Amino acid sequence: MSFFESLLDALSNKDYSDGVKCPVCNACAYWDEDEALWVCSSCGYEIHGDQLQLDKHGNVEKTLEIDWYCDECGAYLNDQLNFNPYDNEWTCTECGYVNDITKDNVW
Ligand SMILES: [Zn+2]
Ligand SMILES: [Zn+2]
């Protein structure tokens, strides 16, 4: 079985009705059987278990957003007005610092 076929097989065995969205770039993520985690097909971000909200059947209901904090003043960015986690950067409304909010900056 080729990698692609096994990927399709893995996909068909799971309920991906709504799929899983990457919390970094909002693209669709796929299930990596070997690593047993979700991987974004666009940016490669690995979605960890605590970022997934499951329904009572264990299916993924949605992907929780990453918590972002200002690199400069430590303000909680998700609460700031019009914050968009899918932009590549965000200017902190507290101190004006431009934060890089791509996957390379997740920690
Ligand atoms: Zn992504
Ligand atoms: Zn700040």
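It should be noted that the structure appears before, not after, this text.
Read on for an overview of the structure. Since the model is a prediction, treat every value here as computed from it, not as a measurement.

## Let's talk about the coordination of the zinc ion (ligand 2)
Reference values for coordination geometry: four tetrahedral donors around a metal ideally subtend 109.5 degrees, six octahedral donors ideally subtend 90 or 180 degrees.
Here is step 1: For the zinc ion (ligand 2), every protein donor is listed as C70 (SG), C73 (SG), C92 (SG) and C95 (SG), and the spread of their distances is 2.3 Å.
Here is step 2: What the 4 donor atoms of the zinc ion (ligand 2) show is an angle range of 105 to 113° at the metal, which sorts the shape as tetrahedral.
Here is step 3: One chain supplies every donor for the zinc ion (ligand 2), spaced along it as C-x2-C-x18-C-x2-C. In this pair, C73 sits in the loop between β6 (60-63) and β7 (89-91) while C92 sits in the loop between β7 and β8 (98-100), placing the two residues 19 residues apart along the sequence.

## Things to note about the sheet that holds strand β2 (residues 28-32)
Here is step 1: The antiparallel open sheet is built from 4 strands, whose spatial order is β1-β2-β3-β4. Looking at which strands have only one partner, the edges of the open sheet turn out to be β1 (20-21) and β4 (46-47).
Here is step 2: Bridge analysis of β2 against strand β3 (residues 37-40) gives 4 bridges, and the strand direction is antiparallel. Note that in β3 the partner of A29 across the bridge is C40.

## Thoughts on unusual backbone geometry
Glycine aside, a negative phi is what most residues show, and trans is what most peptide bonds show.
Here is step 1: The phi angle at N26 is positive, at roughly 70°, despite the residue not being glycine.
Here is step 2: Relative to the elements of secondary structure, N26 occurs in the loop between β1 and β2.
Here is step 3: For N26, a relative accessible area of 33% translates into the label partly exposed.
Here is step 4: Its identity as a non-glycine residue notwithstanding, A36 has a phi of 55°, on the positive side.
Here is step 5: Locating A36 in the fold gives a position in the loop between β2 and β3.

## Section: the nonpolar core
Here is step 1: Grouped together as the largest cluster of nonpolar side chains are 21 residues, with contacts concentrated most on V20, W38, Y45, I47 and L77.
Here is step 2: Listing elements by their share of this core, those giving two or more residues are β2 and β3.

Rules behind the numbers
Residues numbered from 1 in each chain as written. Chains lettered and ligands numbered in written order. Predicted model: local features only at pLDDT ≥ 70, side-chain atom pairs only at ≥ 80, totals over all residues. Heavy atoms only, no water. Donors = N, O, S within 2.8 Å, 3.2 Å for Na, K, Ca; no water. Tetrahedral: all angles 85-135°; square planar, octahedral: opposite > 155°, others 65-115°. Helix = DSSP H or I, 4+ residues; strand = E, 2+ residues; numbered from the N terminus. Pairing = 2+ DSSP bridges. Buried < 20%, exposed > 50% of the residue type's maximum accessible area, 1.4 Å probe, protein only. Core = buried A, V, L, I, M, F, W, Y, C linked by side-chain atoms within 4.5 Å.

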